[in-house]
Amino acid sequence: MTLSRSVDDLGQRLMERLDEAAAYSLPGPGVTRLYASEEHRRLLPLLSSWMRCAGLEPELDAVGNLVGRCPRALAGEPALILGSHQDSVIEGGKYDGMLGVAMPLLALEALREEGREPNCAVEVVAFGDEEGVRFPFTLVGSRALAGTLDPKVLGGEDEEGVTLREALARLGADTSRLAEVTRDPERVLGYVEVHIEQGPVLENEGLALGVVTALTGIERHRVRVSGKADHAGTTPMEDRRDALVGASAMVLEADSLLRRLGSLVGVIGQLSVRPGAVNVIPSEVEFTLELRSPEPEKRLAGRREILAALADIAKERGLEMTTGLNYEAEGVACAEWLIQALEQACRQEGQPTRRLFSGAGHDGLAMHDLTDIGMLFLRCRDGLSHHPDEAITADDAEAGTRVIMRLLDNMAGTP
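A brief structural summary. Because the structure is predicted, anything quoted here is derived from the model rather than measured.

A few points about the overall build of the chain
Along the backbone of the chain there are 12 helices and 14 strands. Its C-alpha atoms give the chain a radius of gyration of 23 Å, within 12% of the compact-globule value 22 Å for 415 residues. Once the C-alpha set of the chain is aligned to its principal axes, its extents read approximately 85 × 45 × 40 Å. Expressed as a percentage of its 415 residues, the buried residues of the chain come to 54%. Taking all contacts inside the chain whose residues are at least 6 apart in sequence as the whole, residues at least 24 apart take part in 79%. When the accessible area of the chain is evaluated, it comes to approximately 17,700 Å², of which 48% is carbon and sulfur surface. If the 43 positive side-chain charges of the chain are averaged to one point and the 67 negative ones to another, these points end up 2 Å apart.

Written out as structure tokens, the structure is:
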């Protein structure tokens, strides 16, 4: 079966929509649109209009997700859920998250323009929160759908003391209906997300699209290195217990190990020094250590090796070191049937693909607790993301849109 080519310029149409959505941002470079913010609230009518053009009925749920349902989904048929997040990091790009909202909506609209309908019930969800920038938690929208959200998060506060419950009320969401957001797994066929790769693999290999096999596991540690503050001018070098010098050696050692260990990446992204005086030997340093891998056993083995090496450095330098694990999310595998369905749709559209894992977390980490997940990556320039210069091409946008159209055309019932 060959899909009609009567719908033209889908890539350019998608780029224009993403530009339009990017305008709903705080002033400054790139896109800054935080969860349950004024920018989020002002974006909702635009997303609702896209959903209606796609033949969906939009509804704002209790946690600020905007959900569009087709008539078959409204009637209770098991639905394929597509979507991504509308929120951004501070001064992020136009495509992280919003691509996965705008593309399936345009694909549905294009099918309607061709006089076609998907072969299954469909929902498209613009998740309210994935980045976790404003409030001290993340994946609120997708966890709510999956039924794994702790209602206590509604009392969490942002830096200005505004609770999530208060922010959602300003958005127009009724948090008293939180229980209604959770989906019945029997009424969900699966979850598919389109996202920019946020890495260089596809661009390096000259490919527009990739099919994701797994989403990475993530863990975060806080490391405290304690030495002794003393006068910087009168204390001999050999008598110093300088916490910053020790922590610096630890940073270099962790980086060296991460470069050597396979299927594992990590970063020390925050570091604080006390007392922080120009003429005082640092007595204490705290830093973060984040590790990511789609393979739990490799992440845990890497954790043991890195923390042991840091402890050895502390001992050698007469320092004390304590560590604490403050976040851990296991990686999840994409469902083979959705991997194959996406690959088939790519082949039908003449798009070569490769399988690759995601080194970033996505809403699929939470949705995996509800249903099978699948993910399509779109190449991005220089692999750059979380940055105002994040970029894709109209040609790749068209290729991705047509693959999603083909996926919807192929999809029928349960796998």
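Back to the write-up after that little detour.
Here's the deal with the layout of surface pockets
Here the largest pocket defines a volume of roughly 1,300 Å³. Considering the residues around the largest pocket, the lining is formed by 48 residues, among which Ile-218, Arg-220, Glu-290, Arg-292 and Gly-361 are closest to the centre. With 5 residues, the top contributor of residues to the lining of the largest pocket is strand β10 (residues 284-293). Across the lining of the largest pocket, the residue classes break down as 18 nonpolar, 21 polar and 9 charged. Estimates place the volume of the second largest pocket at around 450 Å³.

Section: the packing of aromatic side chains
In this structure the tally under the stated criterion is 3 aromatic pairs. Judged by centre distance (6.2 Å) and plane angle (80 degrees), the rings of Tyr-35 and Phe-135 are edge-to-face. With Tyr-35 in the loop between α1 (10-22) and α2 (38-53) and Phe-135 in the loop between β4 (121-127) and α5 (140-146), the pair connects residues that are 100 residues apart, well separated along the chain. Residue classification places Phe-135 among the buried residues on the basis of a relative accessible area of 3%.

Examining empty space enclosed by the protein
Taken as a whole and judged by the stated rule, the model has 2 cavities of 30 Å³ or more. In this structure, the largest cavity spans a volume of roughly 50 Å³. Leu-18, Ala-21, Ala-22, Val-31, Arg-33, Asp-87, Ser-88, Gly-93, Lys-94, Asp-96 and Met-98 together form the lining of the largest cavity. Reported here for the second largest cavity is a volume of approximately 30 Å³. Tyr-191, Glu-193, Leu-215, Cys-334, Gly-364, Ile-373, Gly-374 and Met-375 together form the lining of the second largest cavity. At the level of elements, β5 (188-196) and β14 (373-378) are the ones that each hand at least two residues to the lining of the second largest cavity. Among the residues forming the lining of the second largest cavity, the class breakdown is 5 nonpolar, 2 polar and 1 charged.

Structural notes on the environment of Val-403
Along the chain, the position of Val-403 falls in helix α12 (residues 394-410). For the pair Val-403 and Arg-143, spaced 260 residues apart in the sequence, the C-alpha separation amounts to 27 Å. Among all residues touching Val-403, those that are not within four sequence positions of it are Leu-209, Leu-342, Ala-345, Cys-346, Glu-349, Gln-351 and Leu-376.

Focus: unusual backbone geometry
Cis geometry is adopted by the peptide bond preceding Pro-275, which originates at Arg-274 and carries an omega value of 5 degrees. By the secondary structure assignment, Pro-275 is in the loop between β9 (271-274) and β10. If you check the backbone angles, Gln-198 has positive phi at about 65 degrees while not being a glycine. By secondary structure assignment, the location of Gln-198 is in the loop between β5 and α7 (201-204). Judged by relative accessible area, which is 22%, Gln-198 ranks as partly exposed.

Quick look at the pattern of salt bridges
One pass over the full model with this rule turns up 33 salt bridges. In this structure, Glu-205 engages Arg-354 in a salt bridge whose closest nitrogen and oxygen atoms are separated by 2.6 Å. Here Arg-354 lies in the loop between α10 (336-348) and β13 (355-358) and Glu-205 lies in the loop between α7 and β6 (209-215), a separation of 149 residues in the sequence. What makes Glu-205 partly exposed here is its relative accessible area of 43%. Glu-286 serves as the salt-bridge partner of Arg-224, at 2.4 Å between the closest nitrogen and oxygen.

Calculation rules
Residues numbered from 1 in each chain as written. Predicted model: local features only at pLDDT ≥ 70, side-chain atom pairs only at ≥ 80, totals over all residues. Heavy atoms only, no water. Helix = DSSP H or I, 4+ residues; strand = E, 2+ residues; numbered from the N terminus. Rg over C-alpha atoms; globule rule 2.2 N^0.38 Å. Buried < 20%, exposed > 50% of the residue type's maximum accessible area, 1.4 Å probe, protein only. Contact = heavy atoms within 4.5 Å. Areas by Shrake-Rupley, 256 points an atom, 1.4 Å probe, with all protein chains shown as cover. Lys, Arg positive; Asp, Glu negative; His and termini not counted. Charge placed at Lys NZ, Arg CZ, Asp CG, Glu CD. 1 Å grid on protein atoms, 1.4 Å probe; cavity = no way out; pocket = protein on both sides within 12 Å on 5 of 7 lines; lining within 4 Å. Points joined across faces, edges and corners; volume = space filled by probe spheres on them. Nonpolar A, V, L, I, M, F, W, Y, C, P; charged D, E, K, R; others polar. Phe/Tyr/Trp six-rings, centres within 6.5 Å; stacked < 30°, edge-to-face > 60°. Salt bridge = Lys/Arg side-chain N within 4 Å of Asp/Glu carboxyl O.

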